[in-house]
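Spelled out from the first residue to the last, the chains are:
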Amino acid sequence: MKHSELNIFKDNNQKITCLTAYDASMAKLIDDAGVDIILIGDSLGMVIQGDENTRSVSMIDMLYHTKIVAKACNQSLVIADMPFHSYDNAVTAVTNAKELISNGADMVKIEGGIENTDVIKALVSNNINVCGHLGLQPQLVVDSSDYKVQGRDEDSSKIIQDNATLLESLGVSILVLECIPSNLAKLITNKLKIPTIGIGAGKNCDGQVLVSYDMLGITLGKQPRFVRNFLNSESSISSAIKAFVLEVKEGSFPNKNESY
Ligand code: KIV
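### Looking at the pairing of strand 2 (residues 37-40)
The two faces of strand 2 match: Ile 37 and Leu 39 on one face and Ile 38 and Ile 40 on the other face are all buried. In this structure, strand 1 (residues 16-20) lies alongside strand 2, joined through three bridges in parallel fashion. Following the sheet pairing, Thr 20 is matched in strand 2 by Leu 39. Read as a crossover between parallel neighbours, the route from strand 1 over helix 2 (residues 24-32) to strand 2 is right-handed. Summarising the sheet, strand 2 and strand 3 (residues 77-81) pair through four bridges and their orientation is parallel. By the bridge assignment for strand 3, Ile 40 is matched with Ala 80.

### Topic: the packing of helix 7 (residues 154-170) against helix 8 (residues 182-191)
Interhelical geometry of helix 7 versus helix 8 gives an angle of 25° and a closest axis separation of 10 Å. Here helix 8 runs roughly parallel to helix 7, going by the angle between their axes. The hand of the helix 7/helix 8 crossing is right-handed. Facing Ser 157, Ile 160, Gln 161, Ala 164 and Thr 165 of helix 7, the residues of helix 8 in contact are Leu 184, Leu 187, Ile 188 and Lys 191. Taken together, the residues of the contact of helix 7 with helix 8 break down into five nonpolar, three polar and one charged.

### Description of the site of the ligand
Surveying the vicinity of the ligand reveals the residues Thr 20, Leu 39, Gly 41, Asp 42, Ser 43, Asp 81, Lys 109, His 133, Glu 178, Ile 199 and Val 211. At 3.1 Å, a side-chain N or O of Asp 42 approaches an oxygen atom of the ligand. A distance of 2.6 Å separates an oxygen atom of the ligand from a polar atom in the side chain of Ser 43. Protein contact buries 96% of the 260 Å² of open area that the ligand shows by itself.

### Here's the deal with helix 8
Taken together, the buried positions of helix 8 are occupied by Ser 182, Leu 184, Ala 185, Ile 188 and Thr 189. Projection of helix 8 onto a plane perpendicular to its axis shows the buried side chains occupying an angular sector of 155°, all on one side. Counted as exposed and oriented over 90 degrees from the buried face of helix 8: Asn 183 and Asn 190. Tucked into the core, helix 8 has its buried residues touching helix 1 (6-11), helix 7, strand 6 (174-178) and strand 7 (196-199).

How each quantity is defined
Residues numbered from 1 in each chain as written. Predicted model: local features only at pLDDT ≥ 70, side-chain atom pairs only at ≥ 80, totals over all residues. Heavy atoms only, no water. Buried < 20%, exposed > 50% of the residue type's maximum accessible area, 1.4 Å probe, protein only. Helix = DSSP H or I, 4+ residues; strand = E, 2+ residues; numbered from the N terminus. Pairing = 2+ DSSP bridges. Right-handed = clockwise from strand over helix to strand, strands pointing away. Axes fitted to C-alpha atoms, helices over the stretch in contact; angles between N-to-C directions. Parallel < 35°, antiparallel > 145°, perpendicular 65-115°, else oblique. Left-handed = near helix turned anticlockwise from the far one by under 90°. Contact = heavy atoms within 4.5 Å. Nonpolar A, V, L, I, M, F, W, Y, C, P; charged D, E, K, R; others polar. Near = heavy atom within 4 Å. Polar contact = N/O pair within 3.5 Å; in protein donor to acceptor, adjacent residues only side chain to side chain. Areas by Shrake-Rupley, 256 points an atom, 1.4 Å probe, with all protein chains shown as cover. Arc of directions from axis to C-beta.

Below, the structure written as structure tokens:
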């Protein structure tokens with residue numbers, strides 16, 4: 001997928017698929033299976049480095065993983081997460097984002113809304129494509145008790161909606177919505193021209209993302225309800241990834257039990 005195709009997918013009601021990758025072998029399997037977007041998520045702090053949250057991931061980590069993933073990708077759009085504190089102000093954000101882009105990313109992802117206004121303006125005016133991330137923001141999670149569905153009451157729902165509209169007006173290209181009620185995700189998706197990519201946000205988003213380790217059952221411990229283990233009903237990693245693509249494209253993932 002090319003950046004210019006994002007809105008075409010949305011306008012044609014074609015669902016967008018996204019999985020995380022952290023290494024070249026997995027990235028190649030995901031790219032070959034026709035996944036539209038590969039995200040080098042700072043979830044690597046948890047699934048690769050074994051930490052309780054994503055906050056200790058550094059720019060050095062992200063540059064390393066972005067480089068090895070990007071060189072394995074032929075068709076997927078490559079998005080790299082900007083780690084915690086790497087976009088504290090506009091100057092730092094532009095410097096760090098440029099490094100991720102020169103290591104092979106097509107776009108960078110940052111968490112949060114109005115507090116990032118100056119950062120997003122600076123990134124966009126430097127021709128850096130930006131993916132937003134609202135709802136549950138993993139960089140604000142300290143321990144497992146912070147993993148909660150966001151936007152359940154009227155006030156927090158309105159904040160997420162207002163931030164989504166703001167991000168679009170600032171020039172963000174695509175928006176990840178994590179762990180919010182599906183009716184809120186539907187409202188935002190219908191309001192925005194840019195595509196929304198949901199994780200725990202129901203089936204009405206324009207696309208779906210999962211952490212690859214979660215959808216292959218590699219992650220240990222209790223999984224959130226929005227995670228489906230696609231390897232349970234498939235005999236190889238490659239066919240599990242293809243099953244994810246198929247089920248997202250035809251709208252059967254996520255189902256009601258996998259949503260809030
Ligand atoms: O870091 C990550 O993998 C993410 C996804 C959960 C969207 O941000």
